[in-house]
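What follows is each chain in one-letter form.
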Amino acid sequence: MRNIFKTVPGSRTLIAMIIMLSLAVITMGISVFADGEEALPADTETTAETAAVEEAPEETEAEEEDGTNPFYATIFSLLPPVVAIALALITKEVYSSLFIGIFVGGLLAANFNPAGTIDAVINDGFIASVSGSAGIFIFLVLLGVLVALLNRTGASAAFGQWAKKNIKTRTGAALATFFFGVLIFIDDYFNCLTVGSVMQPVTDSHKISRAKLSFLIDATAAPVCMIAPISSWAAAVSDYADGTGFSGLELFIKAIPYNFYSLLTLVFIVAITLMKFDYGPMALHEKNAMEKGDLFTSGTEHEAVEMENAGTKGKVIDLLLPIIVLIVISVIGLIYVGGFFSGTSFVDSFAGTDATVGLPWGGMIAVVLTIIYLLCRRVISFKDAMSCIPEGFKAMVPAILILTCAGTLKNMTTMLGSSEFVDNAMKNAAPGLEMVLPAVVFLVACFIAFSTGTSWGTFGILIPIVCDVFGGSGELLYIGMSACLAGAVCGDHCSPISDTTIMSSAGARCDHINHVSTQIPYAVTVAAVSFVSYILASFIQNWLIVLPISIILLLGTLFVIKAVTAKKNA
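Since the model is a prediction, treat every value here as computed from it, not as a measurement. Sequence order as written defines residue numbering, which begins from 1 separately in each chain. Since the coordinates come from a predicted model, pLDDT governs what is reported: local features require at least 70, and pairs of side-chain atoms require 80 or more to be given and counted, while whole-chain, interface and lining totals use all residues. Side-chain metrics in this entry use all non-hydrogen atoms of the structure; hydrogen atoms and water are not considered.

Trainee: Tell me about the overall build of the protein chain, residues and numbers included.
Mentor: Helix and strand assignments follow DSSP, with helices taken as H or I runs no shorter than four residues and strands as E runs no shorter than two, numbered in order from the N terminus. Secondary structure assignment for the protein chain yields 28 helices and zero strands. Only protein chains enter the calculation, and the probe is 1.4 Å; a residue is then buried if its accessible area is under 20% of its type maximum, exposed if over 50%, and partly exposed in between. Expressed as a percentage of the 570 residues in the protein chain, the buried residues total 52%. Residue contacts are defined here by distance: any two heavy atoms, one from each residue, within 4.5 Å place the two residues in contact. Restricting the contact set of the protein chain to residue pairs at least 6 apart, pairs at least 24 apart contribute 80%. In short, Shrake-Rupley with a 1.4 Å probe defines the accessible areas, and a residue's cover is counted only from the protein chains shown. About 24500 Å² of surface is accessible on the protein chain, with carbon and sulfur atoms providing 67% of the total.

Trainee: Could you give an account of the packing of aromatic side chains, with specific residues and numbers?
Mentor: Stacked, tilted and edge-to-face are the three classes assigned to paired rings of Phe, Tyr and Trp, where Trp is represented by its six-membered ring and a pair needs centres within 6.5 Å; plane angles under 30 degrees give stacked, over 60 edge-to-face, the rest tilted. Evaluated as defined, the whole model comprises 14 aromatic pairs. Where phenylalanine 71 meets phenylalanine 112, the ring centres are 5.8 Å apart and the plane angle is 65 degrees; that geometry is what we call edge-to-face. Taken together, the positions of phenylalanine 71 in the loop between α4 (61–66) and α5 (79–91) and phenylalanine 112 in the loop between α6 (94–109) and α7 (114–153) put the pair 41 residues apart, joining distant regions of the chain. Given the relative accessible area of 21%, phenylalanine 112 is considered partly exposed. Three or more aromatic residues link up through ring pairs in this structure, and these residues are Phe215, Phe268, Phe277, Tyr279 and Tyr522.

Trainee: Account for the packing of helix α23 (residues 437–452) against helix α24 (residues 455–470), naming residues and giving values.
Mentor: Helix axes use the C-alpha atoms of the stretch in contact, all axes being lines fitted to C-alpha atoms, and the angles between their N-to-C directions lie in the range 0 to 180 degrees. As a packed pair, α23 and α24 sit with axes 10 Å apart at the nearest point and diverge in direction by 165 degrees. One way to sum up the angle between α23 and α24 is to call them roughly antiparallel. Handedness of the α23/α24 crossing: right-handed. Residues Leu437, Pro438, Val441, Val444, Ala445, Ile448, Ala449 and Thr452 of α23 form the contact with α24, whose participating residues are Thr458, Ile461, Leu462, Val466, Val469 and Phe470. Under the grouping applied here, Gly and all other residues not named as nonpolar or charged are polar, the nonpolar ones being Ala, Val, Leu, Ile, Met, Phe, Trp, Tyr, Cys and Pro and the charged ones Asp, Glu, Lys and Arg. Residues that form the contact of α23 with α24 fall into these classes: twelve nonpolar, two polar and no charged. Here the angle decides the label: under 35 degrees means roughly parallel, over 145 means roughly antiparallel, 65 to 115 means roughly perpendicular, and every other value means oblique. For any pair of crossing helices, the crossing counts as left-handed if the nearer helix is rotated counterclockwise from the farther one by less than a right angle, and right-handed if it is rotated clockwise.

So, to be careful, I would describe these as geometric facts and stop short of saying anything about function.
Here it is in structure tokens:
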């Protein structure tokens, strides 16, 4: 059977579609059976209703909320994302996998009612997802337009040529990408798309695979934002901590030294770059890039699109100036939306900002100014500049589709009460595990973020629980908080349905599943060391001791992996 599937083109897609059709048939069968049982005579139905009214107690608030759905706030609430992620990794088809996961969520949310399933998927799923993510979609399109403009003028090619002369090694190109990612700590969305746009010519010129570029982007997006007090992530954590009795920003800052996953991820990038080795699926991608010049492994269709109609008049300044303008105006846009120009302090304006409004605000102005600047420089005609608008939109369509489906899948898990399920599970597990609870919190946060694809949603679920469980525990509270934040970032990194992961793929123009499959072994390595670190931190409770030990453990692990990999290759 395996050989048959290997020889049939698109067999994995076929399997996914067969599974989806099977679910539809089962749904209809259950629906027909249920309708048959409920077809009671009129007088019997009336009698039953009368008896129910007389004898049934008043519905509780919880019953009204979940509609007496037997799947609400149970382990089944996490089934839709698990199905979607498993199918995505098996079939390598992200769209069909996400849709099947959404369909399963709709079935459970509607208790296998066909009309209710369609209503849940369309109204509570896709429509709510699009309306909630519209600002990010606009920013994605604006970034796509900006990239198209820079490519059309030849500014990207000029930057690539400059990089060839001044950044002479692959190690230098990788480290330059890393340091540029660290500099953009304001917002992870902004980081993913900006770093990819700027550094892609550099990494391409040194034959660094797009999968490796995606990893460098993703690994310097959320982890950097997670340890930067002035960022959209710090603002989100502060907001979620409201009502817990603790200062959100204070919790965030004091948790930074214990945020082992974020800190160790940055150490991991530098170490593996300087050690000049890769392992897992990434090794194949890097080998193909170095030996064959194949940056994609799965094909070069992305390269053909992005090099189309490239001009020759652009200079390096024509790339750098628009990017600098974009960064500055986007920051201004974020603090403007947060109320900075209405008298709010700089920190509070970040805490109260909305990235889905502030980033499009800055992106729109930056694109308009860039078009005017390029026209004045006479490196592009007005007609060519306008043609870059649909071109930029088309480049971002895959990312927008995946984000829409991922947001819809998150809505399904919310409708099924996943947060209530996790809340109950954590509170029941807390007694007797006090000294290893930070490590447990880290694992739970990893699982939630991986299953739901949202680190911020994980914050919203776990931060109140952590504050409740560790309240009054002093240093252990900060360790528990950091475990929650670090686990959320880790799960977010590994998840194919994470918005940050999706935009890292978009920023690097890399196949999404290639990015996920090559990044998971790296993320799991850092996560394993982080898990051990949280066990140590629970007993030592001093980051000045635990953090150096964690770094030594990570470096030792990498040396062992390198030795094993070299022996295997030999």
